[in-house]
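# Understanding the architecture of this molecule
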Amino acid sequence: MKKILNYIIFLTVLASFTSCDLNIIPTDALTGTQIKNTSNGLVSLVNGGYAQFKDIPSGESSNNWYLRQNYQLSDFASDDIVCGYKTEDDLINSFRYNDRASEKSNINSFWEVSYKIIYGSNIAIQMADEKGSDPVTDYLKGECYFLRAFATHNLVRLFARPYSTANSSLPGVILRESSSDGAPKARATLAETYNYIISSLKKAAFLMTEEPPEVRNNKGFASKYSAWALLSRVCLYKDDFQSSILYADSVINSGAYSLETAVTYPDYFANAQTASETIWCIPFLAVDDKKEAAVASMIFNGANCWGEEGASPSILKVMGFGTSMMDIDVRWKYIETSNPGLKNGVNIYYISKFSGQDGSPTLSSPVMLRLSEVYLNRAEAYAKTGDVDAALADLNEIRTNRMAVPEGGSLDDYLYNAERDGITSDNILDAVLKERRIELAFEGHRIFDILRNGQDLVRDYWGYHLDNYNGIPTASDPGMNASGVMIHTSDPSTVYPIPSSEITTNKFCVPNN
């Protein structure tokens, strides 16, 4: 109970701020009593939930903030990013599966901030219930159901096995269902966890109108479309393909969003807050720039960047490194290939998806949900239900908007064609996963796409993901038997350990083996 009280105290001292620009930096403290007695108290509390995605928790290292850990715990664990420096930062345990331990600070921090978001959402839901129904209050309440679902799904992706019918009774994560639900508690099953997430998102979608109240009409706030988009993702992860298609249809057919084109996509991520493709992002202002602790700081080479990680040889090969695709596929814009760095024998091809806003190399407004992912969720669901034509149509919708076809060329040459390319129901999933990998690279999806589809992780290139790498490549590649190259999908280390902060205070919480 002491822990939940600490979380509540943390939440109730979050700052008030203007909802029009979502400048969520704690400055002016509000007590719990002031929040309840202030007309904008509920707004401040809900906005405080969003603030936790980008705030540095009190007393923590500047590295330990939600979004930085969100991307590093996921992307650094995949085959999309290579590590060129054996840093003392705990981020190294994402690359080196054998180094993962329950006391690592990044693991503990991410877990604790996730539950602060969930607790804060539950407190705000209770406050909204006490306040009574009106359009803005109901909408804010819907946002809270969304936030707790989003935070819970990220937890279960990192700290539990992928969902399957066979795995459904395995441990998921601890579910906190109300503001009074703070006592030590066992982990729910995977089935119970996913049902809780889906139920929360359905409530969110029900409460939020398709046209947001003017004070919430900002891509930095969740919307009904955000709930539907996340449902398309969560249902896909739960192997409920028809529901994934249904929710994807709701977003795509709404007309509220449109894919960036080959002309606008190269500037998309630096302008995510107002872009047509963004469904939900976390808005940053110049004052929010984390600089040396930014998401971009480890993977880019500008001012205040360490530049110790970059695009892996694996993703470069899949995207067509050294071929004409580097000039045609505009997604190459986010990988700097002209002047790679070199660290400890590793070529570092810098990544700029989290750079460029207001001209800063370390500033962006990270995109949590965007339309292209919704298309790809639907494409995968179609592929897994045997609808090859529908899956290819969705893939081609994306590729149509990502190819800068040279004069005299034909766009058809760069689109999937089932007959020409030999695509059938037996291999359509391969095409979908390839397109997901290229389109969503470095956005926190790849490792989950690998594991939930029962595939092994293969990292047959030099870097500090290898347990015995000393900074000197000794051959053209390390070989498949090198420790750290092959991680089997059944390997227990693919699931992060439950943090020591939870295990030591909650006797009911079983650790991961």
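From a predicted model like this one, the values you see are computed outputs, not experimental measurements. By convention here, each chain's residues receive numbers from 1 onward along its written sequence. Local features are withheld for residues below a pLDDT of 70 in this predicted model, meaning they are given only at 70 or higher, and side-chain atom pairs are given and counted only at 80 or more; totals for whole chains, interfaces and linings count all residues. Excluded from the side-chain calculation are hydrogens and water; included are all heavy atoms of the structure.

### Comments concerning the overall build of the chain
- Across its full length, the chain holds 18 helices and eight strands.
- Each residue is placed in one exposure class: buried if its accessible area under a 1.4 Å probe, protein chains only, is under 20% of its type's maximum, exposed if it is over 50%, and partly exposed if it falls in between. Taken across its 513 residues, the chain has 60% of its residues classed as buried.
- By definition in these notes, contact holds between two residues if any of their heavy atoms fall within 4.5 Å. When contacts within the chain are restricted to residue pairs at least 6 apart in sequence, those whose partners lie at least 24 apart make up 70%.
- When the accessible area of the chain is evaluated, it comes to approximately 19,500 Å², of which 50% is carbon and sulfur surface. We count a stretch as a helix when DSSP gives it H or I for four or more residues in a row; a strand needs E for two or more, and each element gets its number in order from the N terminus. The accessible surface values rely on the Shrake-Rupley method and a 1.4 Å probe; as for residues, cover is taken only from the protein chains in view.

### Quick word on the packing of helix H7 (residues 135–159) against helix H8 (residues 190–207)
- To get an axis, a line is fitted to the C-alpha atoms, and for a helix only the part in contact is used. The angle between two axes follows their N-to-C directions and goes from 0 to 180 degrees. Their axes nearest at 8 Å, the elements H7 and H8 cross at an angle of 155°. When the axis of H7 is compared with that of H8, the two are roughly antiparallel. Note that H7 runs across H8; the crossing there is left-handed. Where H7 abuts H8, its residues Asp 138, Tyr 139, Lys 141, Gly 142, Tyr 145, Phe 146, Arg 148, Ala 149, Thr 152, His 153 and Val 156 lie against Leu 190, Thr 193, Tyr 194, Tyr 196, Ile 197, Ser 200, Leu 201, Lys 203, Ala 204 and Leu 207.
- Ten residues, namely Ala, Val, Leu, Ile, Met, Phe, Trp, Tyr, Cys and Pro, are considered nonpolar, four, namely Asp, Glu, Lys and Arg, are considered charged, and the remaining ones, Gly among them, are considered polar. Grouping the amino acids of the contact of H7 with H8 by side-chain chemistry returns twelve nonpolar, five polar and four charged. With respect to orientation, any angle under 35 degrees is reported as roughly parallel, any angle over 145 as roughly antiparallel, any angle of 65 to 115 as roughly perpendicular, and every other angle as oblique. For any helix crossing, the convention is left-handed if the near helix is rotated counterclockwise from the far helix by under a right angle, and right-handed if that rotation is clockwise.

### Observations regarding the packing of aromatic side chains
- What counts as a ring pair is set by centres within 6.5 Å for rings of Phe, Tyr and Trp (its six-membered ring), and what kind of pair is set by the plane angle: stacked under 30 degrees, edge-to-face over 60, tilted for all other angles. Applying the stated criterion to the full structure yields 27 aromatic pairs.
- Their ring planes at 90° and their centres at 5.0 Å tell us that Phe 53 and Tyr 66 sit as a pair that is edge-to-face. Remark: Tyr 66 occurs in helix H4 (residues 66–75) and Phe 53 occurs in the loop between helix H3 (41–51) and H4; sequence separation between them is 13 residues. Taken as a pair, Phe 53 and Tyr 66 share a single burial class, namely buried.
- Centroid distance Phe 76 to Phe 95: 4.8 Å. Interplanar angle 25°. Geometry classified as stacked. Of this pair, Phe 76 sits in the loop between H4 and strand S1 (81–83) while Phe 95 sits in helix H5 (residues 92–95), and the two are 19 residues apart along the sequence. For the pair Phe 76 and Phe 95, a shared accessibility class is recorded, and that class is buried.
- The positively charged end of Lys 290 is found above the aromatic ring belonging to Trp 65, 4.7 Å away from the centroid.
- As a reminder, the over-ring test applies to NZ of lysine and CZ of arginine, requiring each to be within 6 Å of the ring centre and within 35 degrees of the ring normal. When the ring centre of Tyr 237 is taken as reference, the NZ or CZ atom of Arg 452 above it lies at 4.7 Å.

### Concerning the environment of Phe 442
- Among the structural elements, Phe 442 can be located in the loop between helix H16 (428–439) and helix H17 (446–452).
- It is 8.5 Å that separates the C-alpha atoms of Phe 442 and Ala 311, two residues lying 131 residues apart in sequence.
- Among all residues touching Phe 442, those that are not within four sequence positions of it are Tyr 71, Asp 75, Asp 80, Ile 81, Ala 311, Ile 315, Ile 335, Ile 351, Lys 353 and Phe 354.

### Regarding the pattern of salt bridges
- Each reported salt bridge corresponds to a side-chain nitrogen of Lys or Arg within 4 Å of a carboxyl oxygen of Asp or Glu. One pass over the full model with this rule turns up 32 salt bridges.
- In this structure, Arg 96 engages Asp 99 in a salt bridge whose closest nitrogen and oxygen atoms are separated by 2.9 Å.
- Taking relative accessible area as the criterion, Arg 96 reaches 5% and is therefore assigned buried.
- Take Asp 99: its relative accessible area is 29%, and that puts it in the partly exposed class.

### Topic: the environment of Pro 361
- Along the polypeptide, Pro 361 turns up in the loop between strand S5 (346–348) and strand S6 (367–370).
- The spatial distance from the C-alpha of Pro 361 to the C-alpha of Ser 297 is 8.1 Å, given a sequence separation of 64 residues.
- Setting aside chain neighbours within four positions, we find Pro 361 in contact with Ala 296, Phe 300, Gly 302, Ala 303, Cys 305, Phe 354, Ser 355 and Gly 356.

### So, the packing of H8 against helix H9 (residues 224–237)
- Running from amino to carboxyl end, H8 crosses H9 at an angle of 160°, the nearest separation of the two axes being 9 Å. Here H8 lies roughly antiparallel to H9, going by the angle between them. Here H8 and H9 pass one another in a crossing that is left-handed. Seen from H8, the contacting residues are Tyr 194, Ile 197, Ile 198, Leu 201, Lys 202, Ala 204, Ala 205 and Phe 206; seen from H9, they are Lys 224, Ala 227, Trp 228, Leu 230, Leu 231, Val 234, Cys 235 and Tyr 237.
- Class assignment of the residues belonging to the contact of H8 with H9 gives a composition of 14 nonpolar, no polar and two charged.

### Comments concerning the nonpolar core
- Judged by nonpolar contacts, the single largest core of 149 residues is most densely connected at Phe 53, Leu 67, Phe 146, Phe 159, Trp 280 and Ile 428.
- Among residues more than four places away in sequence, those in contact with Leu 67 are Phe 53, Ile 282, Phe 284, Val 295, Pro 366 and Met 368.
- Tyr 268, Ala 272, Val 330 and Val 367 belong to the second largest nonpolar core, which has nine residues in total. Nonpolar core, defined: a set of buried Ala, Val, Leu, Ile, Met, Phe, Trp, Tyr and Cys residues in which side-chain atoms within 4.5 Å join the residues together.

### Digging into the side chain of Arg 187
- Tracing the backbone shows Arg 187 in the loop between H7 and H8.
- Glu 502 is the oppositely charged side chain nearest to the buried, salt-bridge-free Arg 187, at an N-O distance of 9.4 Å.
- In protein, a polar contact means a hydrogen-donor-capable atom and an acceptor-capable atom, both N or O and within 3.5 Å, with residues adjacent in sequence counting only if both atoms are side-chain atoms; elsewhere, any N or O pair within 3.5 Å suffices. Polar side-chain contacts of Arg 187 include one of 3.1 Å to the backbone oxygen of Phe 159.
- A polar atom in the side chain of Arg 187 sits 3.0 Å from the side chain of Asn 512. Counting rule for charge: Lys and Arg are taken as positive, Asp and Glu as negative, and neither His nor the chain ends is counted.

### Quick look at unusual backbone geometry
- Notably, Asn 304 is not glycine yet its phi reads approximately 65°, a positive angle.
- On the secondary structure map, Asn 304 appears in the loop between strand S2 (278–281) and strand S3 (309–311).
- Positioned with a positive phi, Asn 344 is a non-glycine residue whose angle comes to about 50°.
- Of note, Asn 344 is situated in the loop between strand S4 (341–343) and S5.

### Focus: H7
- Here a helix's expected span is defined as the number of its residues, less one, multiplied by 1.5 Å. Between its first and last C-alpha, H7 extends 36 Å over 25 residues, near the 36 Å set by a 1.5 Å rise per residue.
- Most of H7 sits out of view: 22 of its 25 residues are buried.
- At the N-terminal boundary of H7, the capping side chain belongs to Asp 134, with an oxygen 3.1 Å from the backbone nitrogen of Val 136.

### Quick word on the environment of Ile 118
- Relative to the elements of secondary structure, Ile 118 occurs in helix H6 (residues 105–131).
- It is 34 Å that separates the C-alpha atoms of Ile 118 and Gly 359, two residues lying 241 residues apart in sequence.
- For Ile 118, the residues in contact, after removing those within four places along its chain, are Arg 148, Ala 151, Thr 152, Leu 155, Arg 176 and Tyr 196.

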